[in-house]
Structures are given as structure tokens and as C-alpha cells.
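Letter by letter, the chains look like this.
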Amino acid sequence: MKKATRLQDLKKTLQALRRSGKPVCLVPTMGFLHEGHLSLVRAARRKKGILVVSLYVNPLQFGPKEDYKHYPRNLARDARLLQNEGVDLLFAPGSKEMVRPGFSVRVTESDVSRLWCGAQRQGHFTGVLTVVSQLFHLIRPQTAYFGQKDFQQLFLIRKLAQELFYGVEIKGVKTVREADGLALSSRNVYLKKGERQQALVLVHGLAAVQEAYRQGEKRSAHLKKVFYRVAKGFPLAKLQYLGFASGETLKPVEVLKKGDVVLAATTVGKTRLIDNWIAGGAL
Ligand code: AMP
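**Student:** What exactly am I supposed to notice about unusual backbone geometry here?
**Tutor:** A negative phi angle characterises most non-glycine residues, just as the trans form characterises most peptide bonds. A positive phi angle, near 60°, is found at Lys48, a position not held by glycine. A relative accessible area of 65% means that Lys48 is categorised as exposed. A positive phi is found at Trp116, a non-glycine position, where the angle reads about 45°. Turning to its location among the elements, Trp116 is positioned in the loop between helix H4 (95–98) and helix H5 (117–120).

Dropping the structure here:
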């Protein structure tokens, strides 16, 4: 596996790899890798192209009171895992490499990014879309892989790629969960002993919604009550939002249909967690 931390090394290494004529597949991450990230890497590897993973804790997507400084990092371990997965190139730039002094351009989506997580985290999606644009320009992948766990992010990146004509195919990969259903997240390491069980509020609430939907309840207001009934059993969890959204527009819907999405965010202690369920699908 080749490694690049500077833009000039990335350029040179990519140039050499591209001589194979294979397409470039990109998996962007913020590192501290878990099986969720690795499932994206494996999906990308099945393409048999040049497999590039970026590992960058993007300062632009953290709010001033968020956990940028404390975000978990372990580059040596991540590099070992990626090497074992047969990754061709690891791009792990320092933050000054991507955000130069005086950096002031932003890529903003002005509609859907105000909803759900965007309403809670001002500027978050602008930070995400700005760095993803940088990565798409630097790496020029044919295909890029993102997790469905971050459903709104995936939705906005698809929009970014389409509306700015990036010519990159965006693939969504199913959420990977722990045996008890908790969606894997680098932030799960923050959970203290008693909090770990309380974090199950999202998957238990969503599972109850899934069951009610399967039994014929499609009204968002009623499904919301189902979720909240379950959430009562998780007193340490403070729900930030519970959204019933169109799979096509991500705008709220009153009646849920197949392909729509139920989005949820909570804090448990100081840890913020998100999860979702795509109506008609598995959790
Ligand atoms: P992050 O490092 O948290 O920015 O995540 C990098 C990529 O991995 C994003 O596309 C996430 O959606 C994806 N991802 C994170 N957690 C999971 C998970 N549990 N299952 C599948 N994909 C995930």
C-alpha cells in the first residue's frame, strides 16, 4: 500500500497508479476505522479498480463546541487495517494541507442541508461538501463509497455530484451494526459503561417503527409515538430529532412509503449518535 500525506505525493502516486488504466475508487473516512468503514473498503475492492482510501479529520465539519480536538485518531492502526484489505493508496493529509491559511471558499447546499442534522449542526454539511469536493478534485474517482448510516450526508453528496457534474458515481453501503444492533461509529468509544446500553435507543426505536409499519401503520405521527414509547425506557438518551422523510427529497412526509426514511439523532451523555431506517428495508 502506498501512502501520501502531501498533495504533491498524492499527485505523483496517483499518476503512477493510473497507468494501469483501471478506474479509481475512493472511500473517504475520518479514520479510527471500524467494520463499517471496512465494509465500504470491501465494496470498493470488488470493483477491482485502483482503491484509494482517504483518512482526514476534517476541521470544517465540526462546530466550535464539537469534538474536533478529541475525535479519536489512530493512524498506525488504521494503516495496518487498510493494508490488510488490499488498499492501493492511503491519502492521509494533515489539516494544513487541505485548509491553507486564508482558506475561505465553501461548497454549500442551500436547502436539504438545513434539515435534520443540519438544523442541529450549523455549517456541518457545508464542511462535509467542501472537503468532499476537494477530495473529488484531487483524486478524480470514477466511483466513491459512502455509508447509509449517514443518510443525509449520502443524500447531499449524491446531489453535489449530480449538480456540479463531478462525473463520479456515488455508491451507498448498508449500515454495519454490533451484534446487539448498535450502529458502528468511531464515536461509540466515547460511551461510558452505563451509556452503552442506553445508546440502543435508536435501533430499538427504529425496530419498533419498522414493526408497526410492517403491521400496516404508515402515518408518521403515529409511528413517532411508537418510537417515543420505546425511548421512555432509555432515560439517559436525549433525542435531538426524529424525522420521517421522503427518500427522494428528504423533506418531511406525513405518510411513510417504501423507500422513505426514518432518521433519528440522540445524545447519550456527551456522545451524539445517529441512525436511520429505510422504510420497507431491513435494519
Ligand atoms: P466517518 O469516518 O465517520 O466520516 O465515516 C466514513 C464513512 O464510513 C462514511 O461514508 C460513513 O457513512 C461510513 N460509515 C460510518 N459508520 C458506518 C457504519 N456503521 N456502517 C456503514 N458505513 C459507515
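The structure having been displayed, the exposition proceeds.
**Student:** Help me understand the sheet that holds strand E6 (residues 169–173), please; the structure alone is not making it clear to me.
**Tutor:** Remark on secondary structure: sheet strands pair via backbone hydrogen bonds, oriented parallel or antiparallel. Ordered by their spatial adjacency, six strands build an open sheet running E1-E4-E3-E2-E5-E6, and the pairing between neighbours is parallel. Each of the sheet's edge strands pairs with one partner strand only, and the pair in question is strand E1 (2–4) and E6. Across this sheet, the average inter-strand angle for adjacent strands is 25°, counted without regard to direction. On top of the sheet, helix H6 (residues 124–139) reaches strand E2 (24–29), strand E3 (50–55), strand E4 (89–91), strand E5 (143–147) and E6; it is set at about 150° to E2, its chief contact.

**Student:** Which parts of the structure should I look at to understand the site of the ligand?
**Tutor:** Within the structure, the ligand sits among 17 residues, and Met30, His37, Asp150, Val176 and Leu184 are positioned closest to it. Met30 is positioned with one of its backbone polar atoms (N or O) 2.8 Å from an oxygen atom of the ligand. Within the side chain of Asp150, a nitrogen or oxygen atom sits 2.6 Å from an oxygen atom of the ligand. Computed on the free molecule, the ligand has an accessible area of 480 Å², of which 93% lies beneath the protein chains in the complex. Contributions of two or more residues to the shell around the ligand are made by E2, helix H2 (35–45) and E5. If one sorts the elements of the shell around the ligand by residue count, H2 sits on top with three residues. For the shell around the ligand, the class distribution of residues is seven nonpolar, seven polar and three charged.

Calculation notes
Residues numbered from 1 in each chain as written. Predicted model: local features only at pLDDT ≥ 70, side-chain atom pairs only at ≥ 80, totals over all residues. Heavy atoms only, no water. Buried < 20%, exposed > 50% of the residue type's maximum accessible area, 1.4 Å probe, protein only. Helix = DSSP H or I, 4+ residues; strand = E, 2+ residues; numbered from the N terminus. Pairing = 2+ DSSP bridges. Axes fitted to C-alpha atoms, helices over the stretch in contact; angles between N-to-C directions. Contact = heavy atoms within 4.5 Å. Near = heavy atom within 4 Å. Polar contact = N/O pair within 3.5 Å; in protein donor to acceptor, adjacent residues only side chain to side chain. Areas by Shrake-Rupley, 256 points an atom, 1.4 Å probe, with all protein chains shown as cover. Nonpolar A, V, L, I, M, F, W, Y, C, P; charged D, E, K, R; others polar.

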